[in-house]
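Close look at the chain arrangement
Next come the chains, spelled out residue by residue.
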Amino acid sequence: MKFDFDLFVIGGGSGGVRAARVAAGGGAKVALAEESRLGGTCVIRGCVPKKLMVFASSYRDAMAEADDYGWDVSMGDFEWPKFSKRLNSELDRLEGVYQNMLKNSGVKTFLTRATVKDAHTIVLADGSEKTAKHILLATGGRPVRPDEEFDTSLAMVSDDIFHMDTLPKSMLIVGGGFIACEFACIMHGLGVDVTLFYRGAQILRGFDDEARGLIAEMMAARGIAIHTGTNILDMQKSDGGLMVKASNGTETEFEKVLYATGRSPNTESLGLDNVDVELGRRGEIIVDEYSQTGQPSIYAIGDVTNRVNLTPVAIREGMAFVETVFNGNPTPVDHELIPYAVFTQPELGTIGMTEEEAREAGPIDIYATSFRPMQQAFVGREDRVLMKLVVCKNTDVVLGCHIVAPAAGEMIQMAGIAIKMKATKAQFDQVCAVHPTMSEELVTMKTPVRSA
Ligand SMILES: Cc1cc2nc3c(=O)[nH]c(=O)nc-3n(C[C@H](O)[C@H](O)[C@H](O)COP(=O)(O)OP(=O)(O)OC[C@H]3O[C@@H](n4cnc5c(N)ncnc54)[C@H](O)[C@@H]3O)c2cc1C
Ligand SMILES: NC(=O)c1ccc[n+]([C@@H]2O[C@H](COP(=O)([O-])OP(=O)(O)OC[C@H]3O[C@@H](n4cnc5c(N)ncnc54)[C@H](O)[C@@H]3O)[C@@H](O)[C@H]2O)c1
């Protein structure tokens with residue numbers, strides 16, 4: 001059978017663009033459909049604009065500290081419209097870069113919605129059909145508001161943050177995951193009065209307890225009002241924004257409310273009923289270790305499969321797909337020991353087992369130190385950082401590393417190499433310290449603080 005393309009990719013985000021480019025670079029005839037903007041979540045409404053906002057928000061502390069370091073500075077107000085204009089032109093630039101990368105690799109791009117008609121046929125929004133030997137679903141996910149008795153559409157989701165005309169004076173953020181905590185710190189840094197409602201007992205569920213405890217403490221010390229065990233009971237429009245009745249008995253007006261209560265895979269109305277593609281409980285596409293669905297010609301990668309929802313993972317899944325399908329080299333995706341960074345202030349960098357997980361798996365030693373970093377201690381700030389290693393008592397292998405500190409994301413990338421190589425604590429200790437740094441503690445902690 002003759003097809004229009006060797007590969008048709010639906011979704012022009014991190015995973016889809018990489019897979020399309022690499023497959024086309026290897027000589028395959030490739031098409032890609034994107035219904036919104038090329039670059040997808042990461043570039044347009046995720047990692048990139050978020051990180052630029054992290055940078056913007058960090059200048060408040062830096063300027064306050066500068067005075068104690070001898071600089072004659074005066075702090076003005078943050079001008080959201082000025083930053084937002086620059087942010088949007090940067091995103092336009094990056095979208096253009098993605099467009100050119102696809103064009104230069106010979107990928108035929110359709111800027112339109114695409115759905116699946118059958119195992120080898122795609123339908124574009126104008127009704128035209130394209131056939132392909134292989135179809136790759138890389139449609140990502142979208143933020144979801146919870147189902148409540150009141151009108152949750154009055155509140156924003158993370159996509160809306162990047163389109164605000166003005167910066168609100170106050171914001172309630174609901175959720176305790178990556179997005180809730182990162183935006184709580186960003187908004188606070190930009191001068192917004194931030195309150196965070198989290199329904200559980202402690203934010204950042206799933207991360208090391210000691211690490212998330214310190215982040216919560218540091219966020220609260222900066223002035224973010226964290227209410228755990230709390231949710232919204234009712235929300236109504238009011239003169240100054242939204243009047244929120246909470247399960248903790250309070251009734252407070254916030255200018256804006258942000259739901260950061262999770263994301264759903266984009267599988268609705270994608271035509272998957274027409275093919276043998278199974279969906280999980282949360283609407284995610286079920287795939288095997290090669291990202292293949294039950295329909296042999298259809299694969300899925302990235303957030304739409306809800307495995308590990310990170311940009312570098314979507315990219316690796318895309319490359320493994322090309323290796324498997326176009327290079328005759330079946331390559332499963334390695335989801336073990338992935339480093340994470342949460343861009344709170346201070347950041348959390350983490351890889352491997354938490355102390356709680358490791359304790360269940362076998363005997364462990366914990367090496368940990370929490371201290372006031374030199375840069376902030378000098379100006380009298382009470383900030384603390386945490387350096388922590390979880391070590392197997394039997395093998396001496398470092399099972400996990402948890403860092404709470406400015407630039408912890410940068411540090412965990414490096415520590416991650418050693419941990420992925422299954423380095424032992426003794427091998428960490430063979431490395432000479434870099435002095436004076438915060439991370440030198442990772443190679444100088446001599447005695448376990450506890451064992452379990
Ligand atoms: C606020 C935020 C911050 C984040 N920060 C980080 C971070 O710091 N680090 C990190 O690693 N990850 C981060 N992530 C997660 C990261 O953005 C995602 O894991 C990553 O973008 C997933 O890539 P993807 O290719 O699977 O999907 P996406 O990037 O979501 O791309 C999917 C694309 O498919 C398009 N599409 C969907 N349906 C169709 C259709 N039927 N036809 C045509 N096109 C369609 C969409 O418009 C979208 O452009 C963040 C996410 C958010 C929301
Ligand atoms: N730095 C990073 O790498 C980064 C940053 C942002 C997002 N991401 C990725 O995006 C994914 C999505 O992030 P997220 O923060 O949206 O999801 P998440 O799963 O991390 O957090 C969702 C939060 O919402 C809460 N929640 C869910 N339903 C609720 C309800 N009905 N009422 C109240 N609270 C509710 C949950 O308890 C949880 O705290 C992450 O899992 C991560 O993979 C990564």
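Residues numbered from 1 in each chain as written. Chains lettered and ligands numbered in written order. Predicted model: local features only at pLDDT ≥ 70, side-chain atom pairs only at ≥ 80, totals over all residues. Heavy atoms only, no water.

**Some words on the UniProt feature "domain: FAD/NAD(P)-binding" (unreviewed entry) in the chain**
The UniProt record annotates "domain: FAD/NAD(P)-binding" (unreviewed entry) at residues 5-318. Measuring from the first to the last C-alpha atom of residues 5-318 gives 18 Å, for a span that is 33% helix and 24% strand. (UniProt positions renumbered as here; feature names shortened; annotations may be inferred. Helix = DSSP H or I, 4+ residues; strand = E, 2+ residues; numbered from the N terminus.)

**Focus on the sheet that holds strand S12 (residues 241-246)**
Spatially, three strands are ordered S11-S12-S13 in an open sheet, and the strand pairing comes out antiparallel. Sheet topology places strand S11 (232-238) and strand S13 (251-254) at the edges, where each strand pairs with a single neighbour. Mean inter-strand twist for the sheet, computed between neighbouring axes without regard to direction, equals 25°. Across four bridges, the pairing between S12 and S13 is antiparallel. (Pairing = 2+ DSSP bridges. Axes fitted to C-alpha atoms, helices over the stretch in contact; angles between N-to-C directions.)

**Concerning the site of ligand 2**
In the vicinity of ligand 2, 20 residues are found, and the nearest of them are Gly176, Ile179, Glu182, Asn309 and Ala341. Contact distances for ligand 2 include 2.9 Å between an oxygen atom and a backbone N or O atom of Gly176. A distance of 3.4 Å separates an oxygen atom of ligand 2 from a polar atom in the backbone of Ala260. Summarising the interface, the protein chains cover 76% of the accessible area of ligand 2, which totals 840 Å² for the free molecule. Sorting elements by how many residues they give to the shell around ligand 2 places helix H6 (residues 178-189) first, with three residues. When the residues that make up the shell around ligand 2 are grouped by side-chain class, the tally is nine nonpolar, seven polar and four charged. Split by domain, the shell around ligand 2 shows at least three residues from each of two domains, domain 1 (5-142 + 264-325) and domain 2 (152-261). (Near = heavy atom within 4 Å. Polar contact = N/O pair within 3.5 Å; in protein donor to acceptor, adjacent residues only side chain to side chain. Areas by Shrake-Rupley, 256 points an atom, 1.4 Å probe, with all protein chains shown as cover. Nonpolar A, V, L, I, M, F, W, Y, C, P; charged D, E, K, R; others polar. Domains from an automatic or database assignment.)

**Things to note about the UniProt feature "domain: Pyridine nucleotide-disulphide oxidoreductase dimerisation" (unreviewed entry) in the chain**
Here, UniProt's "domain: Pyridine nucleotide-disulphide oxidoreductase dimerisation" (unreviewed entry) annotation points to residues 338-445. Helix makes up 28% of residues 338-445 and strand 31%, with an end-to-end C-alpha separation of 24 Å.

**A word on the confidence of the model for the chain**
For the chain, per-residue confidence averages 97 on the pLDDT scale, and residues scoring 70 or more make up 100% of the total. If you check the scores for this complex, the pTM reads 0.98 and the ipTM reads 0.98. (pLDDT = per-residue confidence, 0-100.)

**Let's talk about the domain arrangement of the chain**
Domain annotation of the chain identifies domain 1 (5-142 + 264-325), domain 2 (152-261) and domain 3 (340-451). On a C-alpha basis, the centres of domain 1 and domain 3 stand 32 Å from each other. Listed by partner, the interface residues are eleven residues for domain 1 and nine residues for domain 3. Its largest share of buried area at the contact with domain 3, domain 1 owes to Lys51, Glu65 and Tyr69, together 48% of the area lost on that side. Run the count over domain 1 and domain 3 and you get two salt bridges. Here Glu65 ties to Arg381 by a salt bridge, and the two come within 2.5 Å at their closest N and O atoms. Across the contact surface, domain 1 and domain 3 share four residue pairs in polar contact (both at pLDDT 80 or more). Across the side of domain 1 that touches domain 3, the residue classes tally to four nonpolar, two polar and five charged. (Contact = heavy atoms within 4.5 Å. Buried area = accessible area lost by both parts, 1.4 Å probe. Salt bridge = Lys/Arg side-chain N within 4 Å of Asp/Glu carboxyl O.)

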